[in-house]
Structures are given as C-alpha cells and as structure tokens.
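Inside the fold
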Amino acid sequence: MVHRIAFWSCFGLAVRFWQVGIEMRPFFNKSSLWAYPAYAMGGASFGYWLQGIEDKQSAMLGERKAFLLEKRKRRAEREEALQ
C-alpha cells in the first residue's frame, strides 16, 4: 500500500515540475513553494483511493473464486453419486 501512495506522490511532484518547466519559471520560487506539497497530497490521495479499489476487487474476486470452487465440488460429488 505504501509503495502505491509513494509512487503517486512522486508522480504529483513530477507533474508540478513539468508544469513549472513548461512555463519556464524557476523550480523553487519562494511564493509558489506551497504547490509542491499540494500536488504530492493530490497524488497520494489518488494512490490511496486506487489501493482501496484494488483491495475491494481482490476481496470480491476471492469470494467469487471460493463460490465457484464450492460449486464445482458439489457438482463433482453429484456426478460421482450418479455413477
């Protein structure tokens, strides 16, 4: 989980550096230093949200897999009883 949040935080910082580079402004202007943590927090919040989505999907897939395996087991038992 931490690696995903750290990656997206760094991505947010990279976006800020790219934006300032495109505008051809100094990277560390005293009046706009507040934007770097804001971009990092925006990226971190996206990474946290993405991690939550992945956790929910993994849990749902695990439940579905367990259900299907149980269903196959019951079907095999039924077919074995018929033979």
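Residues numbered from 1 in each chain as written. Predicted model: local features only at pLDDT ≥ 70, side-chain atom pairs only at ≥ 80, totals over all residues. Heavy atoms only, no water.

1. As for the overall build of the chain
This is how it is decided: To qualify as a helix, a DSSP run of H or I must reach at least 4 residues; to qualify as a strand, a run of E must reach at least 2; elements of each kind are numbered from the N terminus. Both definitions apply: the radius of gyration is a C-alpha atom measure, and the globule rule equals 2.2 Å times residues to the power 0.38. Think of it in three bands: with a 1.4 Å probe and only protein chains considered, a residue is buried below 20% of the maximum accessible area for its type, exposed above 50%, and partly exposed in between. Note on areas: Shrake-Rupley, 1.4 Å probe, and residue coverage restricted to the protein chains presented here. Charge convention: Lys and Arg are scored as positive, Asp and Glu as negative, and His as well as the terminal groups of each chain are ignored. Charge coordinates come from a single atom per side chain, which is NZ of Lys, CZ of Arg, CG of Asp or CD of Glu.
Along its length, the chain carries two helices and zero strands. Scaling as 2.2 N^0.38, a compact globule of 83 residues should have a C-alpha radius of gyration of about 12 Å, whereas the chain reaches 24 Å, well beyond that. Once the C-alpha set of the chain is aligned to its principal axes, its extents read approximately 80 × 20 × 15 Å. Going through the 83 residues of the chain one by one, you find that 14% of them count as buried. As displayed, the chain offers around 7,000 Å² of accessible surface, 67% of which is attributable to carbon and sulfur atoms. Across the chain, 13 positive and 8 negative side-chain charges occur, with their mean positions spaced 8 Å apart.

2. Observations regarding the packing of helix 1 (residues 2–22) against helix 2 (residues 35–82)
Here is the rule we go by: Every angle, taken between N-to-C directions, lies between 0 and 180 degrees, and every axis is a line fitted to C-alpha atoms, over only the stretch in contact when it is a helix. Each crossing gets its hand from how the near helix is turned against the far one by less than a right angle, where anticlockwise is left-handed and clockwise is right-handed. We call two residues contacting when some pair of their heavy atoms lies within 4.5 Å. Gly falls in the polar group here, along with every residue not listed as nonpolar (Ala, Val, Leu, Ile, Met, Phe, Trp, Tyr, Cys, Pro) or charged (Asp, Glu, Lys, Arg).
Where helix 1 meets helix 2, the axes come as close as 7 Å, and the angle between the chain directions of the two elements is 145 degrees. As for the relative orientation of helix 1 and helix 2, their crossing is right-handed in sense. Taken together, the residues of helix 2 that come into contact with helix 1 (itself represented by R4, I5, W8, S9, G12, L13, V15, R16, F17, Q19 and V20) are A35, Y36, Y39, A40, G43, A44, F46, G47, Y48, L50, Q51 and E54. Per-class residue counts for the contact of helix 1 with helix 2 are 14 nonpolar, six polar and three charged.

3. Some points on the UniProt feature "transmembrane region" (unreviewed entry) in the chain
Stated formally: UniProt positions are given in the numbering used here, feature names are shortened, and annotations may be inferred rather than shown by experiment.
Taking the numbering used here, the UniProt-annotated feature "transmembrane region" (unreviewed entry) corresponds to residues 33–50. From the first C-alpha to the last, residues 33–50 spans 27 Å; its make-up is 89% helix and 0% strand.

4. A few points about the pattern of salt bridges
Any two side chains of opposite charge can pair, so long as their charged atoms come close to each other. Cut-off, in case you're wondering: One speaks of a salt bridge when a side-chain nitrogen belonging to Lys or Arg is within 4 Å of a carboxyl oxygen belonging to Asp or Glu.
All told, the structure shown has three salt bridges when counted by the stated rule. Notably, a salt bridge pairs E54 with R4, separated by 2.4 Å at the nearest N-O pair. You can see E54 sitting in helix 2 and its partner R4 sitting in helix 1, a full 50 residues away along the chain. When its relative accessible area of 33% is taken as the criterion, E54 is described as partly exposed. With a closest N to O distance of 2.8 Å, R25 and E23 form a salt bridge. Take R25: its relative accessible area is 35%, and that puts it in the partly exposed class.

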